[in-house]
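A look at the structure
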Amino acid sequence: MSKTSINFVTMLALLLLAMPWAVADDEKTAKQPVEKTVDAKDTGEPKPAKLTKARLAYITLSGATPEGAPSGSPFAELTDDLATIIGRIEKAAEDDKINGLVIEFKGLAAGYGQLNELRAAIARFRESGKKVHAYMESGMTPDYLVATACNDITLPESGSLMVPGLRVETTFYKGMFEVLGVKADFIHMGEAKGFAESYTRRGWSQPVKENLTSLVDSLYEHIVDTITSDRPIRRKQVIDAIDIGLLSASKAKEINLIDRVAYGDELKEQLTKEYDADELVYVLNYGKKKVDTDFSGPTGMFKLLQLLSGTSGGKASSGKKIAVVYAVGPIMSGKSSSDLFGSSTLGSDTIVKALHDANEDDDVVAIVLRIDSPGGSAIASDMMWREIETLDKPIVASMGDTAASGGYYIAMGCDKIYAEPGTVTGSIGVVGGKIAIGRLMDRVGIDTGVISRGKNSGLFSIETGFTASERDVFRSNMEETYEQFTSKAAAGRDMPIEKLRDLAGGKVYTGIAAKANGLVDEIGTLHDAIAEAKKLAGVKADEKVKIETLPEPVDFFESLFGDNEAEKEVAIKIGTQFSMEQLSPELAAIAKKARLMQQMFKEPVVLTMPFDLRVK
């Protein structure tokens, strides 16, 4: 071949290589120019084109995050519940117009179960490839535990981080009762069933104290492990920081508890550079529903009445559905109830109906029972358990902050039980009794005349404590209830009764400890429980299903004017709420607890954990 021919072939090859060839699979990529910038650290790889505008969803987390089906309260739409907040985060993850997420923390007051739900939602958001940035002016432990799930954490230089560890407090009233002439007479099944000790002792008994110490240790270890796994910091440093409790922003940055010390405007400037955008904007209150609160003008009264009536959002349309039944609040017989401000009780009739309706709905393929309850009425708990036992469809329990005593009772009938790491559960035991105020009445000049027939006619009298005969009858009834509780729990967990009774006795556990000892099946969120329900129903993991929340909320006017007793009760609650809260938050809490006890102990046997337990 001549030299001229070789040159021609070489030139032809160079021309072919220089032409913008693109196969069909790469056609879209070839049409999109990639802006490449070169610096000292450039590896030669093309970089993404510079953003003209970066849009970050902005969500604020503050106060309580109520859990449950939509409330019938007239103010329910003005506050975000847990499911709504998580829905907003998930919406941002799927929104192609959103490049990232900023979460501002302003005093989040969520329990340890709910904190895990929020952390899991943030983790799912990050799986989309987008970043989550946490900002707080100051943060307590709940704020910080959720913030550690984010890509980075920022505090202003005047801010502070408050992570003082854990503290359990229980108020004991025996001394006050003695001064007043009041006698608390309670019986409990289970040495660690400590509910009544608030009224019968001046301090914890040793079994109760040991059990609560174990609970605090488990929660503390969970906090330390969470921070250590999420932050570039050693375990010893985390423990030292908790022992200090209150850290300045600069100190928190120094030991890597946070990433930036910056004011809000400085954070925005830094994020603009990080996203390499000409402009960065916050989409404030991203995904939050607008509620019309302008009641002026001729139509204002109609809008106000519509708000007061509450809305259920309607039932989900046809197609495969998972029914999520929310069992939230202290357990009572009858219908669930809520007051003007959304505080609720869990009525067995309401939950039984919701479970029945879900089971009869041909579109519902499985049920998830979301529990956040310290327990309550034994008979009401058993009625719900029985309904669960008769269901044809798969049912999975998902435990929130608390699923103890009666709350555990209703879970044990489910096909599978999921708990959050920090869920307080167990408390398998029984308590019952009364508070006698005869001496108090004597002191204030109130006399009582009595005519009785029957050896144990004073069984439920508030004048005196139990006689020996009455105590024997009461104890016998409680022993039978305890036997039913432990037997059903052992059967539900497929566990020898001896082992179950070792775990019972009123002892409470975190979700982590309950998983270790076999009281629950898995550690996971509501999201995980729904995925398991789909699996049990034979639905493919990637198949879309609708979520229907039950029970439907009670119309506000129906609860207000349904009967004379309801009307009277609401009026008393409104007056008490305002007057007590204005006088003293502590008195308001005591008054609320007294009302709850009065309602709960209308029945002789109660399955409840010490619901005045305060973990701080």
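For the structure itself, look to the data block above.
The notes below deal with the structure included here. From a predicted model like this one, the values you see are computed outputs, not experimental measurements.

Rules behind the numbers
Residues numbered from 1 in each chain as written. Predicted model: local features only at pLDDT ≥ 70, side-chain atom pairs only at ≥ 80, totals over all residues. Heavy atoms only, no water. Helix = DSSP H or I, 4+ residues; strand = E, 2+ residues; numbered from the N terminus. Contact = heavy atoms within 4.5 Å. Areas by Shrake-Rupley, 256 points an atom, 1.4 Å probe, with all protein chains shown as cover. Pairing = 2+ DSSP bridges. Expected span 1.5 Å × (residues − 1). Buried < 20%, exposed > 50% of the residue type's maximum accessible area, 1.4 Å probe, protein only. Phe/Tyr/Trp six-rings, centres within 6.5 Å; stacked < 30°, edge-to-face > 60°. Lys NZ or Arg CZ within 6 Å of the ring centre and 35° of its normal. Patch = residues over 30% accessible without salt bridge, like charges linked within 9 Å, V, L, I, M, F, W, Y side chains within 5 Å. Salt bridge = Lys/Arg side-chain N within 4 Å of Asp/Glu carboxyl O. Axes fitted to C-alpha atoms, helices over the stretch in contact; angles between N-to-C directions. Parallel < 35°, antiparallel > 145°, perpendicular 65-115°, else oblique. Nonpolar A, V, L, I, M, F, W, Y, C, P; charged D, E, K, R; others polar. Lys, Arg positive; Asp, Glu negative; His and termini not counted. Charge placed at Lys NZ, Arg CZ, Asp CG, Glu CD.

Now for the overall build of the protein chain. The helix and strand inventory of the protein chain stands at 23 helices and 26 strands. The long-range fraction of contacts in the protein chain, counting pairs at least 24 apart against all pairs at least 6 apart in sequence, stands at 74%. Accessible surface for the protein chain amounts to roughly 31,300 Å². Of this, 54% is attributable to carbon and sulfur atoms.

Pairing in this open sheet of three strands is mixed, and the strands run β4-β6-β9 from one edge to the other. Of all the strands in the sheet, the pair left with one neighbour each is β4 (138-139) and β9 (246-248). Strand direction decides the pairing type here: strand β6 (residues 160-162) and β9, joined by three bridges, are antiparallel. Bridge assignment links S160 to a residue of β9, and that residue is S248.

When the terminal C-alpha atoms of helix α8 (residues 206-230) are compared, their 36 Å separation across 25 residues agrees well with the 36 Å that a helix rising 1.5 Å per residue should span. Among all positions in α8, only V208, N211, L212, L215, V216, S218, L219, H222, I223, V224, T226 and I227 are buried.

The next subject is the packing of aromatic side chains. Enumeration according to the criterion identifies nine aromatic pairs in this entry. Taking 5.9 Å as the distance between ring centres and 80° as the angle between the ring planes, the aromatic pair formed by F172 and W204 counts as edge-to-face. Taken together, the residues F172 in the loop between β7 (168-169) and α6 (174-180) and W204 in the loop between α7 (197-200) and α8 connect sequence positions 32 residues apart. Using a relative accessible area of 28% as the deciding quantity, one classes W204 as partly exposed. Between Y173 and Y199 the ring centres are 5.7 Å apart and the planes differ by 10°, which places this aromatic pair in the stacked class. Linking Y173 in the loop between β7 and α6 with Y199 in helix α7, this pair joins segments that are 26 residues apart in sequence. There is no split in this pair, since Y173 and Y199 are both buried. Members of the aromatic cluster, connected to one another through ring pairs, are Y173, F177, F186, F195 and Y199. One cation-aromatic arrangement involves K91 over Y286; the distance from NZ or CZ to the ring centre is 5.7 Å. In this structure, K268 is placed above the aromatic ring of Y282, and the distance from its NZ or CZ to the ring centre is 5.0 Å.

This part takes up a nonpolar patch on the surface. Together, M176, V179 and L180 make up an exposed nonpolar region whose accessible area comes to about 280 Å². Looking at the secondary structure, you find L180 in helix α6.

Quick look at the sheet that holds strand β11 (residues 277-284) now. Strands sit in the order β10-β5-β3-β2-β1-β11 across an open sheet of six strands; the sheet is parallel. Taken across any chain shown, the strands that pair with only one partner, and hence form the sheet edges, are β10 (260-261) and β11. In terms of strand pairing, strand β2 (residues 100-108) meets strand β3 (residues 131-136) through six bridges, oriented parallel. When the sheet's bridge partners are listed, V102 is paired in β3 with H133. Sheet strands touched by helix α11 (residues 264-274): β1 (51-63), β2, β3, β5 (152-155), β10 and β11. Its angle to β11, the strand with the most contacts, is close to 130°.

Examined against the element boundaries, T350 turns out to sit in helix α13 (residues 348-360). By relative accessible area, T350 is classed as buried at 17%.

Another point: the pattern of salt bridges. Between side chains of opposite charge, pairing is possible as soon as their charged atoms come close. The tally for this structure, following the rule as stated, stands at 25 salt bridges. Close ionic contact of D240 with K236 constitutes a salt bridge, the shortest N to O distance being 2.9 Å. Taken together, the residues D240 and K236, both in helix α9 (residues 235-244) and four residues apart, mark about one turn of the helix. On the basis of relative accessible area, D240 is assigned to the partly exposed category, the value being 33%. Residue K236 is classed as exposed on the basis of its relative accessible area of 55%. Across the pair R370 and E420 runs a salt bridge whose closest N-O atoms are separated by 3.3 Å. Here R370 is found in strand β16 (residues 364-373), whereas its partner E420 is found in the loop between β19 (416-419) and β20 (424-426), with 50 residues between them in sequence. A single network of salt bridges, built from pairs that share partners, joins E67, E117, R370 and E420.

How two helices pack is summed up by the angle between their axes together with the distance between the axes. For the pair α13 and helix α14 (residues 378-389), interaxial distance at closest approach is 9 Å and the crossing angle is 5°. Accordingly, the angle class assigned to the pair α13 and α14 is roughly parallel. On α14, the residues that touch S348, I351, V352, L355 and H356 of α13 are A380, M383, M384, E387 and I388. Class assignment of the residues belonging to the contact of α13 with α14 gives a composition of seven nonpolar, two polar and one charged.

Its place among the elements puts S398 in strand β18 (residues 395-404). In contact with S398, other than residues within four places in its own chain, are V368, L369, R370, I371, Y418, T525, L526 and A529.

Let's shift gears to the environment of Y418. Looking at where Y418 falls in the secondary structure, it is placed in strand β19. Y418 gets classed as buried once you look at its relative accessible area, which sits at 8%. In this structure, the C-alpha to C-alpha distance between Y418 and G524, residues 106 residues apart in sequence, is 5.6 Å. Those residues in contact with Y418, other than ones at most four positions away along the chain, are V396, A397, S398, M399, E522, I523, G524, D528, A529 and E532.

Moving on: a negative patch on the surface. A contiguous patch of negative charge on the surface is contributed by E157, D265, E266 and E269. Note on placement: E269 falls in helix α11. Judged by its relative accessible area of 51%, E269 is exposed.

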